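Structure at a glance
Here is what each chain is made of, one letter per residue.
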Amino acid sequence: MWEQVLAIGAKIYAANLVRYVFFAGLAYLFFHVIWKSKFTHKRIQKREIESKKIAMEIGYSVATMFIFACMGMLVFIGKKSGIFQNYKEIQEYGWGYFIFSILAAILIHDTYFYWAHRFMHLKWVFPRVHKVHHLSNNPSPWAAFSFHPIEAVLEAAIIPILLFIMPMHMLAIFIFLIHMTMMNVLGHLGYEFYPKNFLRNPIGRLNNTSTHHNMHHRLVNCNYGLYFNFWDLIMGTNHEKYQSEFERLAGQAPAHEENSKPQEAQVETAII
């Protein structure tokens with residue numbers, strides 16, 4: 001059995017690594033290399049990301065993928081022991097439940113992340129666990145999984161938690177992980193592509209943006225949410241200048257368009 005467990009772990013590690021490199025790598029390649037000059041006006045922080053910081057982000061992320069694989073092995077053992085409820089045949093619960101389980105997993109994860117994140121910002125926890133992630137105060141897409149090993153365990157724990165709470169098809173877990181990776185990379189993208197009025201829309205207001213998480217990296221004690229803004233709104237933990245900063249960044253025009261307009265005095269914000 002242990003040979004089987006190790007083989008499963010190796011497959012999960014490879015799959016996690018491919019998922020990370022594919023999404024973070026493509027985002028970095030297109031927006032920080034190929035289209036870098038094209039989208040300069042969309043950059044949240046104008047300063048360049050240091051190459052040594054990118055190397056650090058990749059190093060921690062590769063280690064995180066190993067811890068995620070260990071959690072996958074734990075899930076495999078738990079499934080064999082009847083603790084976890086992943087299943088193979090969609091017909092067992094039907095397509096309606098299949099879709100519901102993905103949506104429920106996203107909402108549960110968002111809640112779990114917010115409160116785990118708040119816990120990691122406690123004064124005695126932050127320097128020991130979460131500070132590693134905040135070393136990327138100007139994050140790149142490679143920072144999506146740049147965690148201290150203890151934080152990586154906390155992040156990976158969402159899968160066994162979900163499978164303990166409810167049955168999930170393996171494809172549903174895969175879709176959930178793809179969604180999680182894409183949104184994590186978006187949060188660390190370093191560019192803001194949502195339209196300027198996005199937060200004035202009642203639905204848009206409930207979703208997080210790249211600006212939201214980038215501000216968290218710079219300012220630390222605000223903007224704790226993952227996918228949605230529910231908990232930040234309820235708990236009053238959005239930065240007071242989040243919306244104005246988002247609209248300033250989202251409303252910036254390309255340099256050639258800015259040069260054709262009359263110059264206006266810019267107000268320097270305290271958060272830069």
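In short, a report on the structure. Quantities reported herein were computed from a predicted structural model and do not represent experimental measurements.

**Details of the nonpolar core**
- Within the largest apolar cluster, 45 residues are counted, with the highest numbers of intra-cluster contacts made by Phe145, Ile159, Leu162, Leu163, Met168, Phe176 and Tyr227.
- Elements supplying a minimum of two residues to this core: α1 (2-34), α2 (51-80), α3 (95-120), α6 (149-156), α7 (158-165) and α8 (170-187).
- In terms of residue count, the dominant contributor to this core is α8 (7 residues).
- Ignoring anything within four residues of it in the chain, the contact list for Ile159 reads Val75, Ile173, Phe176 and Leu177.
- In terms of nonpolar packing, the next biggest core, distinct from the first, is built from 6 residues, Phe198, Met215, Tyr242 and Ala250 among them.

**Thoughts on α8**
- Its 18 residues place the ends of α8 26 Å apart at the C-alpha level, agreeing with the 26 Å of an ideal helix rising 1.5 Å per residue.
- Among the residues making up α8, those that are buried are Ala172, Ile173, Phe176, Leu177, Ile178, Met180, Thr181, Asn184, Val185 and Gly187.

**As for unusual backbone geometry**
- If you check the backbone angles, Val220 has positive phi at about 75° while not being a glycine.
- Assessed through its relative accessible area of 22%, Val220 is described here as partly exposed.
- Phi angles above zero are rare outside glycine, and Asn223 is one such case at about 55°.
- Inspection of the secondary structure assignment puts Asn223 in the loop between α9 (210-219) and α10 (230-235).
- Looking at Asn223, the relative accessible area reads 0%, which means it is buried.

**Remarks on the environment of Asn214**
- Structurally, the position occupied by Asn214 is in helix α9.
- Here Asn214 falls in the buried class, since its relative accessible area comes to 1%.
- Sequence-wise, Asn214 and Asn138 are 76 residues apart; in three dimensions their C-alpha atoms are separated by 7.4 Å.

**Brief notes about the packing of aromatic side chains**
- In this structure the tally under the stated criterion is 27 aromatic pairs.
- Seen in terms of ring centroids, Tyr114 and Trp115 are 5.0 Å apart; in terms of plane orientation they differ by 85°. Their pairing is edge-to-face.
- A relative accessible area of 1% means that Tyr114 is categorised as buried.
- Through a chain of ring-to-ring contacts, the aromatic side chains of Tyr20, Tyr28, Phe68, Trp142, Phe145 and Phe147 assemble into a single cluster.
- The lysine or arginine in question, Lys38, covers the ring of Trp35, its NZ or CZ lying 5.7 Å from the ring centre.

Reading guide: rules and limits
Residues numbered from 1 in each chain as written. Predicted model: local features only at pLDDT ≥ 70, side-chain atom pairs only at ≥ 80, totals over all residues. Heavy atoms only, no water. Core = buried A, V, L, I, M, F, W, Y, C linked by side-chain atoms within 4.5 Å. Buried < 20%, exposed > 50% of the residue type's maximum accessible area, 1.4 Å probe, protein only. Helix = DSSP H or I, 4+ residues; strand = E, 2+ residues; numbered from the N terminus. Contact = heavy atoms within 4.5 Å. Expected span 1.5 Å × (residues − 1). Phe/Tyr/Trp six-rings, centres within 6.5 Å; stacked < 30°, edge-to-face > 60°. Lys NZ or Arg CZ within 6 Å of the ring centre and 35° of its normal.

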